Amino acid sequence: MLPVISSDEFLRHDTGRFHPERSQRLIAIVNALKAAPWSDKLEWQLPTPVATRPVLPLLQQIHSPRYIETVQEIANSGGGMLDADTPISPHSYDFALLSVHAWFDWFDQVLATQNPPLALARL
């Protein structure tokens, strides 16, 4: 079995109609995987819930606290643009945290099994 870590929650991240990173890309990947002749070999898994693992200290090793706060503020204010090419929807901050959890789940499985799963996470 090949674990696939993903969530329909990622589909709610709205980057706008013409942005290349949009939910239709994830939908197409999921549909192709489910239609593959070997789809019965896939084990679909949800990412670990955000509330169960503190990731902000780890994120702050990659992004400055001010950057993280700015993304959260823009999302909480209803969305907007972080820069000319980075739209933030009202739930982008939450989806970013869920994506981090999906990738930590990926790493956890690699370390535990030496076999990488597939992570379908957006942001």
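From a predicted model like this one, the values you see are computed outputs, not experimental measurements.

**Q** How do you make sense of the overall build of the chain when you look at a structure like this?
**A** Along its length, the chain carries four helices and five strands. Ordering the α and β elements of the chain from the N terminus gives β-α-β-α-α-β-β-α-β. Seen through its principal axes, the chain has C-alpha atoms that stretch 45 × 35 × 20 Å. Surface summary for the chain: the accessible area is close to 7,700 Å², and the carbon and sulfur share equals 60%. Between the averaged position of the 9 positive side-chain charges in the chain and that of its 13 negative side-chain charges there is a distance of 6 Å.

**Q** I would appreciate a short explanation of the sheet that holds strand 5 (residues 118–120) in the present structure.
**A** Paired through their backbone hydrogen bonds, the strands of a sheet run either parallel or antiparallel. Within the open sheet, the three strands sit side by side as 2-1-5. Their pairing is parallel. Single-partner strands in this sheet number two, and they are strand 2 (42–45) and strand 5. Adjacent strand axes in the sheet meet at a mean angle of 25° when their direction is disregarded. Each of strand 1 (2–6), strand 2 and strand 5 is contacted by helix 1 (residues 23–35), which is oriented at about 140° to strand 5, the strand it contacts most.

**Q** I would appreciate a short explanation of the packing of aromatic side chains in the present structure.
**A** The description of an aromatic ring pair rests on the distance of the ring centres and on the angle between the ring planes. For the structure on display, the rule yields two aromatic pairs. On the numbers, 4.9 Å between centres and 90° between planes, the contact of Trp106 with Phe107 is edge-to-face. Overall, Phe107 belongs to the partly exposed group, its relative accessible area being 45%. A network of ring pairs unites the aromatic residues Trp103, Trp106 and Phe107 as a single cluster. Just above the ring of Trp44 sits the side chain of Lys34; from NZ or CZ to the centre is 5.2 Å.

**Q** Would you explain the layout of surface pockets in this entry?
**A** Over the atoms rolls a probe the size of a water molecule, and in doing so it shows where empty space is left. Approximately 180 Å³ is the volume found for the second largest pocket. Only helix 1 and strand 2 provide two or more residues apiece to the lining of the second largest pocket. Counting residues per element, the lining of the second largest pocket draws most heavily on helix 1, at five residues. Broken down by class, the residue content of the lining of the second largest pocket amounts to six nonpolar, four polar and two charged.

**Q** Would you mind showing me how to read helix 3 (residues 65–76) here?
**A** Every α-helix winds through 3.6 residues per turn, so residues three or four apart in the chain are directed the same way. Counted at 1.5 Å a residue, the expected span for helix 3 with its twelve residues is 16 Å, and the 16 Å between its end C-alpha atoms agrees. Taken together, the buried positions of helix 3 are Ile68, Val71, Ile74 and Ala75. The buried residues of helix 3 occupy an angular sector of 130° when the element is viewed end-on, so they sit on one face. On its buried side, helix 3 packs onto helix 2 (56–59), strand 3 (80–83), strand 4 (86–88) and helix 4 (92–113). Two residues or fewer after helix 3 comes Gly78, characterised by a positive phi angle close to 105°.

**Q** Quick question: what am I supposed to make of the pairing of strand 3 here?
**A** On a regular strand, one side chain projects to one face of the sheet and the next to the other, so that they alternate. Sheet analysis places strand 3 next to strand 4, joined by three bridges and oriented antiparallel. Paired with Gly80 across the bridge in strand 4 is Ile88. Counting the residues between successive antiparallel strands, the hairpin from strand 3 to strand 4 contains two residues.

So, how was this worked out
Residues numbered from 1 in each chain as written. Predicted model: local features only at pLDDT ≥ 70, side-chain atom pairs only at ≥ 80, totals over all residues. Heavy atoms only, no water. Helix = DSSP H or I, 4+ residues; strand = E, 2+ residues; numbered from the N terminus. Areas by Shrake-Rupley, 256 points an atom, 1.4 Å probe, with all protein chains shown as cover. Lys, Arg positive; Asp, Glu negative; His and termini not counted. Charge placed at Lys NZ, Arg CZ, Asp CG, Glu CD. Pairing = 2+ DSSP bridges. Axes fitted to C-alpha atoms, helices over the stretch in contact; angles between N-to-C directions. Contact = heavy atoms within 4.5 Å. Phe/Tyr/Trp six-rings, centres within 6.5 Å; stacked < 30°, edge-to-face > 60°. Buried < 20%, exposed > 50% of the residue type's maximum accessible area, 1.4 Å probe, protein only. Lys NZ or Arg CZ within 6 Å of the ring centre and 35° of its normal. 1 Å grid on protein atoms, 1.4 Å probe; cavity = no way out; pocket = protein on both sides within 12 Å on 5 of 7 lines; lining within 4 Å. Points joined across faces, edges and corners; volume = space filled by probe spheres on them. Nonpolar A, V, L, I, M, F, W, Y, C, P; charged D, E, K, R; others polar. Expected span 1.5 Å × (residues − 1). Arc of directions from axis to C-beta.

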